[in-house]
Structures are given as structure tokens and as C-alpha cells.
Amino acid sequence: MLRSTADERTIIFADYIIRTGCTVRSAAARFGVSKSTVHKYLTERLPLLDAARHTEVKAVLEHNKAQRHLRGGAATRQKYLQRRESAGNTVK
């Protein structure tokens, strides 16, 4: 049985991350809370509420953590491509 609104939010965050496989940051943006809040709920509250969900969420978070360096590299590459294109457009 859920005890509070925070418990309900924890389950909602967990279900969303399991369903979409999204990052903590994007889940936080989706629900309008800080990423610290989402992370705290999922790592501290969820194991006490639902161990099975916690195991699923943990797997998604570990996958996202393993992929983090790839997403960061892609974002940096895109940033510099855009800069190069902008510089090319201003010089004629």
C-alpha cells in the first residue's frame, strides 16, 4: 500500500523509466522536477516500496550510464558541426 504522494510519484517515475528507457534527466524534464529528485526517489524510496520495479529501473539506469559517453560524444560532435556550418555561412 502506498503511504504518501511521494510514494505514488516514485512508482510513476519508475514505471515511466521502465516503459520508455529514458534517462533520469529526461524523466525529470517530463515531470517538471529536478533530476536529483527523480534519482533520489528511484534509488532510496523505490527499493523500500517495490523491489521488483527497483531491479528493472536499476537495469535501465545502468544501461543509460554505460551509454552516456556515446551520447556525450555525439552531442559534442553535433555542436562543432553546427559551429563549422555557421562560420561557413558568415564568410563569403
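Scroll up to find the structure this text is about.
The model shown is predicted, which means the values in this text are computed figures rather than measured ones. (Residues numbered from 1 in each chain as written. Predicted model: local features only at pLDDT ≥ 70, side-chain atom pairs only at ≥ 80, totals over all residues. Heavy atoms only, no water.)

Draft legend 1. Structural detail: the nonpolar core. I17, A27, V38, L42, L46 and V57 are the most contacted members of the largest nonpolar core, which has 17 residues in total. When residues in this core are grouped by element, the largest group, six residues, is from helix α1 (residues 5-20). Apart from the residues within four sequence positions on either side, A27 is in contact with Y16, I17, C22 and V38. (Core = buried A, V, L, I, M, F, W, Y, C linked by side-chain atoms within 4.5 Å. Buried < 20%, exposed > 50% of the residue type's maximum accessible area, 1.4 Å probe, protein only. Helix = DSSP H or I, 4+ residues; strand = E, 2+ residues; numbered from the N terminus. Contact = heavy atoms within 4.5 Å.)

Draft legend 2. Region of the structure containing helix α3 (residues 35-49). In this model, α3 (15 residues) spans 20 Å end to end at C-alpha, consistent with the 21 Å of a helix rising 1.5 Å per residue. Taken as a whole, α3 carries its principal kink of about 35° at L42. (Expected span 1.5 Å × (residues − 1). Bend = angle between axes of the 7 residues up to and from the residue.)

Draft legend 3. Just the packing of α1 against α3, in detail. Packing of α1 against α3 leaves a shortest axis separation of 9 Å and a crossing angle of 105°. Between α1 and α3, the crossing angle belongs to the class labelled roughly perpendicular. Residues A6, D7, R9, T10, I11, F13, A14 and I17 of α1 form the contact with α3, whose own contacting residues are T37, V38, Y41, L42, R45, L46 and L49. Partitioning the contact of α1 with α3 into residue classes produces ten nonpolar, two polar and three charged. (Axes fitted to C-alpha atoms, helices over the stretch in contact; angles between N-to-C directions. Parallel < 35°, antiparallel > 145°, perpendicular 65-115°, else oblique. Nonpolar A, V, L, I, M, F, W, Y, C, P; charged D, E, K, R; others polar.)

Draft legend 4. Examining the side chain of N64 more closely. Within the secondary structure layout, N64 lies in helix α4 (residues 51-90). For N64, the side chain forms a polar contact with the main-chain oxygen of C22, separated by 2.9 Å. (Polar contact = N/O pair within 3.5 Å; in protein donor to acceptor, adjacent residues only side chain to side chain.)

Draft legend 5. Representation of α1 in the model. Between its first and last C-alpha atoms α1 spans 22 Å; for 16 residues at 1.5 Å apiece the expected length is 22 Å, and the two agree. Buried residues of α1: A6, D7, T10, I11, F13, A14, Y16 and I17, and no others. One or two steps after α1, the chain reaches G21, where phi turns positive at roughly 70°.

Draft legend 6. Structural detail: the packing of aromatic side chains. Taken as a whole, this structure holds three aromatic pairs when the rule is applied. Taking the centre distance of 5.2 Å and the plane angle of 85° together, the rings of Y16 and F31 count as edge-to-face. One end of the pair, Y16, is in helix α1; the other, F31, is in helix α2 (residues 24-31), with 15 residues separating them in the sequence. Overall, Y16 belongs to the buried group, its relative accessible area being 14%. One aromatic cluster is present, built from ring pairs that chain together F13, Y16, F31 and Y41. Positioned above the aromatic ring of F31, the side-chain terminus of R30 is 5.2 Å from the ring centre. The ring of Y41 carries the charged tip of R45 above its face, separated from the ring centre by 5.2 Å. (Phe/Tyr/Trp six-rings, centres within 6.5 Å; stacked < 30°, edge-to-face > 60°. Lys NZ or Arg CZ within 6 Å of the ring centre and 35° of its normal.)

By themselves these figures say nothing about function.
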